[in-house]
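Residue-level structure breakdown
Each chain is listed here by its residues.
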Amino acid sequence: MKSSLKLALLFCALVGSASAATPDDARKALDAACPGLKTYAADLRIDAPAKGAASLDAQRDRKWSEAYTITVRVNDKPSGKLIGQYRAQGQSCYFEVEAVKAAEVTVAKSACLAICRDKPYSPGGFGYFGVDGAEEVKR
């Protein structure tokens, strides 16, 4: 009986650690992976993280089952690079933060990639950005 109890406790601990990241962790991960959000904060509205199923790309590429989605909306009349170089005015960007460790962020659309890393990206891609600075952009 004791071994059954130990096994049940181990299972509960593993299940509990599978969704270890909190909404605060997700937001911190987004800020770490996307330094451009701080640069352009005056022209952005950032919503609270919402936990749900990961996108099909993240499920396929990274084996994520759950993610926190954070919506970032760009003002209709932003300043500087956001309107000129990135052409991001009025964009809605959907960032997904991996829900287990909150160590990686994914985002699509070149304007959203550009806002995240504050550098231009070619159209048609999506990227995975690590909180450690790692970057993988796919087309």
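It should be noted that the structure appears before, not after, this text.
Predicted model, so just to flag it, every value in this text is computed and none were measured. (Residues numbered from 1 in each chain as written. Predicted model: local features only at pLDDT ≥ 70, side-chain atom pairs only at ≥ 80, totals over all residues. Heavy atoms only, no water.)

This part takes up the side chain of Arg 117. Residue placement: Arg 117 occurs in helix 5 (residues 110-117). Owing to a relative accessible area of 16%, Arg 117 belongs among the buried residues under this scheme. One polar contact links the side chain of Arg 117 to the main-chain carbonyl oxygen of Ala 33, over a distance of 2.8 Å. If near-sequence neighbours (up to four positions away) are discounted, Arg 117 is found in contact with Ala 33, Pro 35, Phe 129, Gly 130, Gly 133, Ala 134 and Glu 135. (Helix = DSSP H or I, 4+ residues; strand = E, 2+ residues; numbered from the N terminus. Buried < 20%, exposed > 50% of the residue type's maximum accessible area, 1.4 Å probe, protein only. Polar contact = N/O pair within 3.5 Å; in protein donor to acceptor, adjacent residues only side chain to side chain. Contact = heavy atoms within 4.5 Å.)

Turning our attention to the state of the cysteines. As enumerated under the stated definition, the model contains 2 disulfides in all. Here Cys 34 is linked by a disulfide to Cys 116, with a sulfur-sulfur distance of 2.0 Å. Disulfide Cys 34 to Cys 116: torsion about the S-S bond roughly -75°, handedness left-handed. One end of the pair, Cys 34, is in the loop between helix 2 (23-33) and helix 3 (36-39); the other, Cys 116, is in helix 5, with 82 residues separating them in the sequence. With respect to burial, Cys 34 and Cys 116 carry one shared label: buried. Cys 93 shares a disulfide with Cys 112; S-S distance 2.1 Å. The disulfide joining Cys 93 to Cys 112 has a torsion of about -85° about its S-S bond and is therefore left-handed. (Disulfide = S-S within 2.5 Å.)

Next up on the list: the environment of Pro 23. Position of Pro 23 relative to the elements: it lies in helix 2. Along the primary structure Pro 23 and Thr 69 are separated by 46 residues, whereas in three dimensions their C-alpha atoms are 9.6 Å apart. Apart from the residues lying within four places of it in its own chain, the contact partners of Pro 23 are Pro 49 and Tyr 68.

Next up on the list: unusual backbone geometry. You will see that Ala 102, though not glycine, has its phi angle at about 50°, which is positive. With respect to the element layout, Ala 102 can be found in the loop between strand 4 (92-98) and strand 5 (104-108). For Ala 102, a relative accessible area of 10% translates into the label buried. The backbone of Asp 118 sits at a positive phi, close to 55°, despite the residue not being glycine. Relative to the elements of secondary structure, Asp 118 occurs in the loop between helix 5 and strand 6 (126-130).

Attention now moves to helix 5. Burial within helix 5 is extensive, with 7 of its 8 residues counted as buried. Among all positions in helix 5, only Ala 111, Cys 112, Leu 113, Ala 114, Ile 115, Cys 116 and Arg 117 are buried. Directly after helix 5, the chain includes Asp 118, whose backbone phi takes a positive value near 55°.

Tallied over the entire structure, the rule returns 13 salt bridges. Taking the shortest distance from any N to any O, the salt bridge between Arg 62 and Glu 104 comes out at 3.0 Å. With Arg 62 in helix 4 (residues 56-62) and Glu 104 in strand 5, this pair connects stretches of sequence that are 42 residues apart. Classification of Arg 62 as partly exposed rests on a relative accessible area of 23%. The shortest N-O distance in the salt bridge between Lys 138 and Glu 136 comes to 3.8 Å. Taking relative accessible area as the criterion, Glu 136 reaches 31% and is therefore assigned partly exposed. Taken together, the shared-partner salt bridges in this structure form one network comprising Asp 57, Arg 60, Asp 61, Arg 62, Glu 104, Glu 136 and Lys 138. (Salt bridge = Lys/Arg side-chain N within 4 Å of Asp/Glu carboxyl O.)

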